[in-house]
Amino acid sequence: MKNYITILISILTLSFANAQESKPLRKVETIEIQTSAQCEDCKERIENGLNYTKGVVFAELNDDTKKVTVKYKTSVISAQQIRQKISEIGYSADDVKATEPGLNKLPACCKPGGME
Amino acid sequence: MKKKILSIVTFTFISIVSIAQMKGIVYGSSSQVRETIFGAKLYFTHNKSGVLTDKEGQFEVILPKNLPDTLIVSAIGYIPDTIIVDKKDRFISLEITLYSEQLLREVVVAIKKETHSVSRMKTLQVEQISSGELRKAACCNLSESFETNASVDVNITDAVSGAKKIQMMGLDGVYTQIQMENIPYLRGLESSFGLSSISGTWIESIQITKGTGNVVNGYESMAGLINLELKKPLEMERLFVNTYANRFGRLETNLNAGHKINEKWSTGWMAHSSGMFGEMDNNKDGFRDLPKGNNNALLSRWNYRGTKFESQFGINGYLDTKYGGQTGFTTNNPNNLYGVQIQSKHIDVFAKTGFLFEKRPYQSIGVVYNLKYQTVDAKFGNRNFEGEEKRGYINAIFDGIIGNTNRKIKAGLSLVYVDMMQHLDSNKTLPLKNDRIEVVPGIFGEFTNIGMRLNTVLGARVDYHNLFGWQFSPRLHSKYALTEKTDIRFTVGKGWRVPNFMMDNISLLATSRSWLVNQKLQPEISWNTGTSLVHEFKLFDRKASLVLDLYHIEFVNQLIVDRDSIVNSIVFKNLQGRSFSNSFQTEFSFSPLKNLDIRLAYKLLDVRTLYGGEVQQQVMLPKHRGFINVGYKTRDKRWEYDATCTVFGQSRLPQAILGDGSYSTNNKSQVYPMINAQVTHTYKLWEFYLGGENLTNFKQKSPIIDSANPFGSKFDATRIWGPIMGINVYAGFRYSIHRKKQK
């Protein structure tokens with residue numbers, strides 16, 4: 001009997017734990033991503049690149065923190081895909097590094113160390 | 001002995017302590033370099049005198065007794081900075097870095113590009129309209145570029161020719177000097193129809209200066225100065241296309257292309273073509289509400305940038321034909337209808353050369369050259385006007401400093417040559433001629449002093465006109481920074497111009513009233529004085545600003561167009577008695593949300609002259625005017641909404657004899673609103689816009705007097721105070737490939 005109860009409790013605990021992890025996302029989410037943007041041109045590239053991406057409601061880069069606030073529809077695009085898009089434009093997004101082809105497309109002032 | 005040593009030690013200690021001072025070094029940082037600043041000023045807020053940095057950028061300043069205090073550091077071309085200094089900061093050494101205005105403008109303004117702003121830095125009161133603001137309305141030609149602005153009004157002066165003129169401080173556009181990149185423009189024969197020769201899509205920004213402008217720009221700015229900055233080859237779009245159509249049948253297309261040839265050379269091309277194909281007569285008076293016709297212009301400009309020498313030159317051509325008057329009117333006119341036919345064309349060559357001195361970066365010499373040939377042929381029914389003008393202009397300016405960059409000096413020479421021919425009614429019994437050759441050499445000087453809080457610009461020019469003699473025009477502008485957020489400006493200056501009574505008033509040919517000129521017309525001279533207050537503040541933690549200005553213009557002499565003395569004539573004469581303009585304007589701007597801008601303005605105009613024996617308000621000029629503009633841009637930057645509402649108060653109308661022979665009784669106009677709105681959608685390189693003008697469909701009833709008998713003595717199409725056409729709907733698109741910044 002004791003064993004049975006233990007098993008039952010562990011199953012219930014596990015299911016609760018799982019339930020917390022698979023809590024459904026809201027239809028529209030807002031996230032903040034740290035980018036390697038340096039200047040006005042960078043801000044335009046990131047914002048324009050994201051604003052025309054399917055699923056993004058809007059993207060706004062903060063000039064002081066260089067973090068981009070993105071509001072997006074979860075059914076169309078995911079946060080990781082957004083970071084991937086930023087890296088394709090040529091900038092790092094949180095822990096995702098900028099891609100080589102993206103970096104090469106940027107003018108000198110936008111590459112890391114370009115504004116110094 | 002011990003006492004002595006103690007006293008010496010004490011004395012030394014006290015002296016060290018009492019002369020509390022601070023020293024340091026000031027650097028200036030711009031996008032290219034970071035170096036020490038010579039002549040940067042450092043001063044405390046409660047201490048009037050300050051110190052300047054030496055050649056190595058070093059300074060030593062004595063700390064005031066009352067600490068903490070704020071130390072202000074400023075230098076020309078850099079954004080000033082402040083440091084709070086406390087007792088504990090004695091004996092410290094500071095390293096201060098100031099950032100270049102150019103650099104910071106790029107970064108700071110990027111937070112939200114202000115499309116419309118009143119300059120805080122300039123000594124004169126300058127309002128700036130940037131390309132962002134020009135996008136808010138259709139802006140296909142220059143007259144439409146002022147639709148969202150409260151300081152400059154655009155009016156139609158008659159019901160048949162489609163002529164549009166600007167107005168500043170209640171005075172006709174001829175009293176405002178218009179320049180294209182500091183080259184006088186739209187004067188002489190182009191004063192009435194010239195606004196359609198520049199397309200709004202050619203313009204990068206517009207600076208509106210109230211009060212007489214700098215003496216460097218000439219003597220003709222009496223009410224104000226409008227400077228048009230056209231797009232430059234290296235900053236303009238690589239390719240730009242704009243197409244526009246409206247419900248009246250107007251079609252327009254514009255094309256711009258900027259190209260970098262090599263490190264030193266670049267070129268820009270701008271083309272504009274528009275046509276009015278619709279036959280519109282909404283008020284059913286038998287006359288076209290807008291003339292038909294077409295309008296084409298082309299501008300080509302070239303830039304050369306070397307190490308010691310810079311130059312720009314360009315050529316601009318324009319051809320405009322209009323057919324107005326009764327519906328059905330064509331050039332051969334088989335049915336003898338009343339027609340208005342106007343053809344204007346010009347060819348204009350301009351050049352600017354600049355010489356820089358390597359060893360003296362604060363000195364330069366610039367020369368501006370301009371050659372222009374223009375003709376205007378206008379026929380209003382049976383009356384005709386022919387005009388031809390050849391013009392040459394040279395202006396050489398030396399720019400330098402005295403001692404340090406806080407004292408600037410400009411001096412120069414100018415020469416104007418004009419060969420003007422204007423003939424009126426040559427086929428009638430009383431022809432009028434106004435031919436003249438003008439040679440006007442001039443010399444000018446301007447001294448600018450940048451103080452801690454007070455900036456002063458004092459200038460004077462002396463010109464010798466071959467027909468009218470010596471003219472001396474002094475001008476003073478000053479700006480006092482009352483607080484970091486408030487500026488007070490004061491200006492007083494004299495301006496003058498030689499009137500062209502025919503071209504300046506060409507709309508008055510749209511009537512059978514005879515033109516009488518019995519005197520030799522003298523140059524128009526006026527004194528303009530004014531004061532303004534610009535205050536920036538936070539309202540509910542959001543950015544807001546308030547501008548108040550008051551100007552008084554007093555004419556010493558003026559060309560008087562008197563429509564009141566003799567009922568069926570227009571008398572042109574010199575001023576007798578007083579003529580003045582008082583204008584008061586207040587403008588409040590506020591951004592309640594990050595992407596929402598609101599502007600409210602009120603203007604009071606009191607413009608009076610001795611007309612018909614009485615000092616009366618100028619005709620067709622409302623005394624009160626209200627204005628509100630709201631602009632909203634969505635967060636994803638894809639949609640932009642803009643709406644403007646202007647309310648025009650009542651104005652005085654000249655007395656007229658109506659078609660049935662009776663005199664007009666109600667000589668006052670109605671109060672009416674003018675509402676315009678536009679929606680713009682951006683998609684990558686494309687922009688689509690849809691808008692409306694005069695959304696309340698307000699029309700002036702019966703704008704033409706005796707429209708049934710256009711060749712009769714009572715015909716008068718000049719008594720216009722409101723819109724003739726009703727609601728307008730337009731749509732268009734723009735495609736632009738911008739130039740990416742390369743560093």
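Residue positions are given per chain, counting from 1 as you read along its sequence in written order. Note on labels: chains are lettered from A, ligands numbered from 1, in written order. The predicted origin of the model limits local features to residues at a pLDDT of at least 70 and limits the giving and counting of side-chain atom pairs to 80 or more, whereas totals for whole chains, interfaces and linings rest on all residues.

Colleague: An account of the overall build of chain B is needed here, citing residue identities and associated values.
Modeller: Runs of E in the DSSP output that reach at least two residues are strands. Runs of H or I that reach at least four are helices, and both are numbered from the N terminus. A count of helices and strands for chain B gives four helices and 44 strands. What the globule rule says is 2.2 Å times the number of residues to the power 0.38, and the radius of gyration is computed from C-alpha atoms. A compact globule built from 743 residues would reach a C-alpha radius of gyration of about 27 Å, and chain B, at 29 Å, matches this within 12%. Counting only C-alpha atoms and orienting by the principal axes, one finds that chain B spans roughly 120 × 60 × 50 Å. Here exposure depends only on C-beta density: within 10 Å of a residue's C-beta, 20 or more other C-beta atoms make it buried, 12 or fewer make it exposed, and intermediate numbers make it partly exposed, the C-beta atoms being placed from the backbone. Counting over 743 residues, chain B shows a buried share of 40%.

Colleague: Please provide a residue-by-residue account of the overall build of chain A, values included.
Modeller: Of the regular secondary structure elements, chain A holds four helices and three strands. For chain A, the α and β elements follow one another from N to C terminus as α-β-α-β-β-α-α. Counting the 116 residues in chain A, one finds 25% classified as buried. We call two residues in contact when their backbone-placed C-beta atoms lie within 7 Å. The long-range share in chain A, meaning contacts at least 24 apart out of those at least 6 apart in sequence, stands at 52%.

Colleague: Before we move on, can you summarise the sheet that holds strand β3 (residues 67–73) of chain A with the specific residues and values?
Modeller: Residues and elements named next belong to chain A. Taking strand neighbours across the sheet as the criterion, the three strands line up as β1-β3-β2 in an open arrangement whose pairing is antiparallel. Two strands bound the open sheet, and with one partner strand each, they are β1 (28–34) and β2 (56–61). For this sheet the average axis-to-axis angle between neighbouring strands, irrespective of direction, equals 15°. Only the stretch in contact is used when fitting a helix axis, every axis being a line fitted to C-alpha atoms; angles between N-to-C directions are given from 0 to 180 degrees. The sheet contacts of helix α3 (residues 79–89) involve β1 and β3, and relative to β1 the element is tilted by about 40°. A strand pair is defined by DSSP finding two or more bridges across the two strands.

Colleague: Tell me about the nonpolar core, and please be specific about residues and values.
Modeller: All names here are of chain B. If you look at the biggest cluster of nonpolar residues, it comprises 49 residues, and the most contacted ones within it are Leu171, Ala223, Leu228 and Ile553. It is strand β17 (residues 224–230) that contributes the most residues to this core, four residues altogether. With near-sequence residues (within four places) excluded, Leu171 lies in contact with Ala223, Ile553, Ser581 and Val607. In terms of nonpolar packing, the next biggest core, distinct from the first, is built from 33 residues, Val340, Ile342, Val561 and Phe572 among them. Linking buried Ala, Val, Leu, Ile, Met, Phe, Trp, Tyr and Cys residues through C-beta atoms within 7 Å yields a set, and such a set is a nonpolar core.

Colleague: Outline the domain arrangement of chain B, supporting the account with residue identities and numerical values.
Modeller: Residues and elements named next belong to chain B. The split of the chain into domains comes from an automatic or database domain assignment. When cut into domains, chain B gives domain 1 (15–105) and domain 2 (227–362 + 373–737). Using C-alpha coordinates to define each centre, domain 1 is positioned 45 Å away from domain 2. With seven residues of domain 1 at the interface, the matching set in domain 2 holds five residues. Residues were grouped as follows: Ala, Val, Leu, Ile, Met, Phe, Trp, Tyr, Cys and Pro as nonpolar; Asp, Glu, Lys and Arg as charged; and all remaining residues, including Gly, as polar. When its residues are assigned to classes, the side of domain 1 that touches domain 2 shows four nonpolar, two polar and one charged.

Colleague: I'd love a proper account of the environment of B:Phe38, names of residues and values included.
Modeller: All names here are of chain B. Along the chain, Phe38 turns up in the loop between β2 (34–36) and β3 (41–44). In this structure Phe38 comes out as partly exposed when scored by C-beta crowding, with 17 C-beta atoms within 10 Å. C-alpha separation for the pair Phe38 and Gln58, spaced 20 residues apart in sequence, amounts to 8.2 Å. The contacts of Phe38, once residues within four sequence positions are left out, are Thr53, Asp54, Lys55, Gly57 and Asn404.

Colleague: How would you summarise the environment of B:Leu600 if you had to cite specific residues and measurements?
Modeller: All names here are of chain B. Inspection of the secondary structure assignment puts Leu600 in strand β38 (residues 596–611). On the basis of neighbour count, Leu600 is assigned to the partly exposed category, with 16 C-beta atoms found within 10 Å. When the C-alpha positions of Leu600 and Phe627 are compared, they lie 5.7 Å apart, and in sequence the two are 27 residues distant. If near-sequence neighbours (up to four positions away) are discounted, Leu600 is found in contact with Phe588 and Ile628.

Colleague: How would you sum up the confidence of the model for chain A? Please name residues and give values.
Modeller: The predicted coordinates should not be examined in detail at positions where pLDDT is low. A residue-level look at chain A finds 82% of positions with pLDDT of 70 or above and a mean pLDDT of 81. How sure the predictor is of each residue is captured by pLDDT, a score from 0 to 100. Mean pLDDT across the elements of chain A ranges from a minimum in helix α1 (residues 2–21) of chain A, with 63, to a maximum in β3(A), with 92.

Colleague: For helix α2 (residues 40–51) of chain A, give the residues involved together with the corresponding values.
Modeller: Working rule for helices: expected span equals 1.5 Å times residues minus one. For α2(A), with twelve residues, the first-to-last C-alpha span of 16 Å sits near the 16 Å given by 1.5 Å per residue. Among all positions in α2(A), only A:Cys42, A:Lys43, A:Arg45, A:Ile46, A:Glu47, A:Leu50 and A:Asn51 are buried.

Colleague: An account of α3(A) is needed here, citing residue identities and associated values.
Modeller: All names here are of chain A. Buried within α3 are the following residues: Ile82, Arg83, Lys85, Ile86, Ser87 and Ile89. Tucked into the core, α3 has its buried residues touching β1, α2, β3 and α4 (100–105). One or two steps after α3, the chain reaches Gly90, where phi turns positive at roughly 120°.

Colleague: Tell me what's going on with the sheet that holds strand β11 (residues 152–156) of chain B, and back it up with residues and numbers.
Modeller: Residue and element names in this part refer to chain B. The strand order β11-β12-β13 describes an open sheet built from three strands, whose pairing is antiparallel. At either end of the open sheet lies a strand with only one pairing partner, and these are β11 and β13 (171–172). By the bridge criterion, two bridges tie strand β12 (residues 164–168) to β13 in an arrangement that is antiparallel. When the sheet's bridge partners are listed, Met168 is paired in β13 with Leu171.

Colleague: Explain unusual backbone geometry to me, using residue names and the numbers behind them.
Modeller: Residues and elements named next belong to chain B. Residue Met620 is not a glycine yet carries a positive backbone phi of 55°. Looking at where Met620 falls in the secondary structure, it is placed in the loop between β39 (614–617) and β40 (624–633). Under the C-beta neighbour-count criterion, Met620 is labelled partly exposed, with 17 such atoms within 10 Å. A positive phi angle is found at Ser702, which is not glycine, with a value near 45°. When the 14 C-beta atoms within 10 Å are taken as the criterion, Ser702 is described as partly exposed.

Colleague: Got a sec to walk through the pairing of β12(B)? Specific residues and values, please.
Modeller: Residue and element names in this part refer to chain B. Counting buried positions over the five residues of β12 gives four, a clear majority of the element. Sheet topology places β11 next to β12; five bridges connect them, and they run antiparallel. Across the sheet, the residue bridging to Ile156 is Lys164, located in β12.

Colleague: Explain the packing of α2(A) against α3(A) to me, and be specific about the residues and the numbers.
Modeller: All names here are of chain A. Packing of α2 against α3 leaves a shortest axis separation of 10 Å and a crossing angle of 135°. Taken together, α2 and α3 sit at an angle that is classed as oblique. By crossing handedness, the relation of α2 to α3 is classed as right-handed. Contact residues: Arg45, Ile46, Gly49 and Leu50 in α2; Lys85, Ile86 and Ile89 in α3. Looking at side-chain class alone, the contact of α2 with α3 contains four nonpolar, one polar and two charged residues. Each angle gets one of four labels, with under 35 degrees taken as roughly parallel, over 145 as roughly antiparallel, 65 to 115 as roughly perpendicular, and the rest as oblique. By convention the crossing between two helices is left-handed if the near helix lies anticlockwise of the far one by an angle smaller than a right angle, and right-handed if it lies clockwise.

Colleague: I'd like a description of the environment of B:Cys140, backed by residues and values.
Modeller: Residue and element names in this part refer to chain B. Looking at where Cys140 falls in the secondary structure, it is placed in the loop between α3 (131–134) and β11. Overall, Cys140 belongs to the buried group, with 25 C-beta atoms counted inside 10 Å. Between the alpha carbons of Cys140 and Glu279 there is a distance of 20 Å; along the sequence they are 139 residues apart. Aside from chain neighbours lying at most four places away, what touches Cys140 is Ser199, Gly200, Tyr244, Glu252 and Ser274.

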